[in-house]
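# A look at the structure
Listed here are the chains, written in short residue letters.
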Amino acid sequence: MENPLKQYFRVPGAFVKLPSNGKFYSVPPKLSSEGELAIYPMTAEDELWLKNPDALLNGEASKRIIQSCAPDIVNPEETVLADADVIMVSARFATYGEGLTVTSECPSCKENTEYSFKLPDILASVKQIPDDNSIQIGELQVFVKPTTVDLQAKIGLASLQYRMLINKVAEEKQELLEDRQKEMIQSFSHNITTLQFEILRENIEKIVMPDGNHVSSKDHIKEWLSNIKKVEFDALNTKIEQLNESGTDIAYKAECQACSHKYDTSIAMDPVSFFA
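All values derive from a computational prediction rather than experimental measurement.

Another point: unusual backbone geometry. Phi at Asn21 takes a positive value of approximately 55°, unusual for a residue other than glycine. With respect to the helices and strands, the residue Asn21 is situated in the loop between strand S1 (14-16) and strand S2 (37-39). Even without a glycine there, the phi angle at Phe24 is positive, about 80°. Looking at where Phe24 falls in the secondary structure, it is placed in the loop between S1 and S2. A residue is classified by how much of its surface remains accessible, and Phe24, at 10% relative accessible area, is buried.

Here helix H8 (residues 218-225) has its buried residues at Ile221, Trp224 and Leu225. Down the axis of H8, the buried set is contained in an arc of 100°. They therefore lie on one face. Seen from the buried face of H8, the exposed residues on the opposite side, beyond 90 degrees, are Asp219, His220 and Glu223.

As a volume, the largest pocket reaches approximately 630 Å³. If you trace the largest pocket, you find 28 residues lining it, with Ser62, Leu81, Gln152, Asp270 and Pro271 closest to the centre. Breaking the lining of the largest pocket down by element, the ones donating at least two residues are helix H2 (53-57), helix H3 (60-69), helix H4 (81-96), helix H6 (149-171) and helix H10 (271-274). When residues of the lining of the largest pocket are assigned to their parent elements, the largest contribution, seven residues, is made by H6. Its residues assigned to classes, the lining of the largest pocket comprises 15 nonpolar, nine polar and four charged.

This structure, assessed with the given rule, holds nine salt bridges. With its nearest N and O atoms 3.0 Å apart, the salt bridge here joins Lys63 to Asp150. You can see Lys63 sitting in helix H3 and its partner Asp150 sitting in helix H6, a full 87 residues away along the chain. We classify Lys63 as buried; its relative accessible area is 12%. Note that Asp234 and Lys230 form a salt bridge whose closest N and O atoms lie 2.6 Å from each other. Placement of both Asp234 and Lys230 in helix H9 (residues 230-244) is noted, with a separation of four residues, approximately one turn of the helix. The class for Asp234 is partly exposed, based on a relative accessible area of 32%. On the accessibility criterion, Lys230 (61% relative accessible area) is exposed.

Side-chain positions along a regular strand alternate between the two faces of the sheet. The pairing of strand S9 (residues 251-255) with strand S10 (residues 262-266) spans five bridges and is antiparallel. Along S10, the bridge assignment pairs Ala254 with Tyr263. Connecting S9 to the next strand, S10, in antiparallel fashion are six residues, including Ser260 with a positive phi near 65°.

Here Ser246 shows up in the loop between H9 and S9. Relative accessible area serves as the criterion here: at 5%, Ser246 is assigned to the buried category. A distance of 3.4 Å separates a polar side-chain atom of Ser246 from the backbone oxygen of Gln128. Discounting chain neighbours no more than four positions away, the residues touching Ser246 are Ala82, Lys127, Gln128, Ile129 and Pro130.

Rules used in this analysis
Residues numbered from 1 in each chain as written. Predicted model: local features only at pLDDT ≥ 70, side-chain atom pairs only at ≥ 80, totals over all residues. Heavy atoms only, no water. Helix = DSSP H or I, 4+ residues; strand = E, 2+ residues; numbered from the N terminus. Buried < 20%, exposed > 50% of the residue type's maximum accessible area, 1.4 Å probe, protein only. Arc of directions from axis to C-beta. 1 Å grid on protein atoms, 1.4 Å probe; cavity = no way out; pocket = protein on both sides within 12 Å on 5 of 7 lines; lining within 4 Å. Points joined across faces, edges and corners; volume = space filled by probe spheres on them. Nonpolar A, V, L, I, M, F, W, Y, C, P; charged D, E, K, R; others polar. Salt bridge = Lys/Arg side-chain N within 4 Å of Asp/Glu carboxyl O. Pairing = 2+ DSSP bridges. Polar contact = N/O pair within 3.5 Å; in protein donor to acceptor, adjacent residues only side chain to side chain. Contact = heavy atoms within 4.5 Å.

Encoded structure:
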């Protein structure tokens, strides 16, 4: 039996154009006739996810917000970063209204100053992801895609673990043998390097060879990445970073009310700060 209360469920509070236009997803998001994605207000359960430390660390909180507020995205973990930022801004707008107040600490005097923004203005300045997502590497045409929230969570978690390891080594320097310190750092550095290769591999859609054949096997691409020149490896990363730069423009010029120091900063897009 269908729930008779269904007619009273939340309805979309905003419709937005995604920077990706729905590209890069294994199952394209359901968009309106005008090419917009429906965004729903957050629920009470969504806010509880934002208070779960483990969910914040492993990226589950962000994926939960996308799943709840943008249900027409079938696989939230595939959401590219530019789309995720737009969804977060739209979800906050649909939930709390158009106003956003942030606090920035002055790098000169360390005093805090509040700044107010209107979310529709941020959404109006969204930058689309370029249509051309390929790069020429020698005779090969490599098609790459922006980083997803799932990959970004892995990067963030690895960075956190590395910082924790460095702090542990520093705190226990007197107790740990020098060889043991080196062993711990080298082991983790190896893991970080492996992760970097895996992330780049995941960001490659396919490689087109001179004869027109396509290579999309992850294993073949991984082996190829291990055998290309550093300048080519760096070029691939640069192309992906260019795609990641699309989306919301959250940078702004700040002026401290206490000392009048002017500096450039940006709105923090992590779930805890942005939905606080």
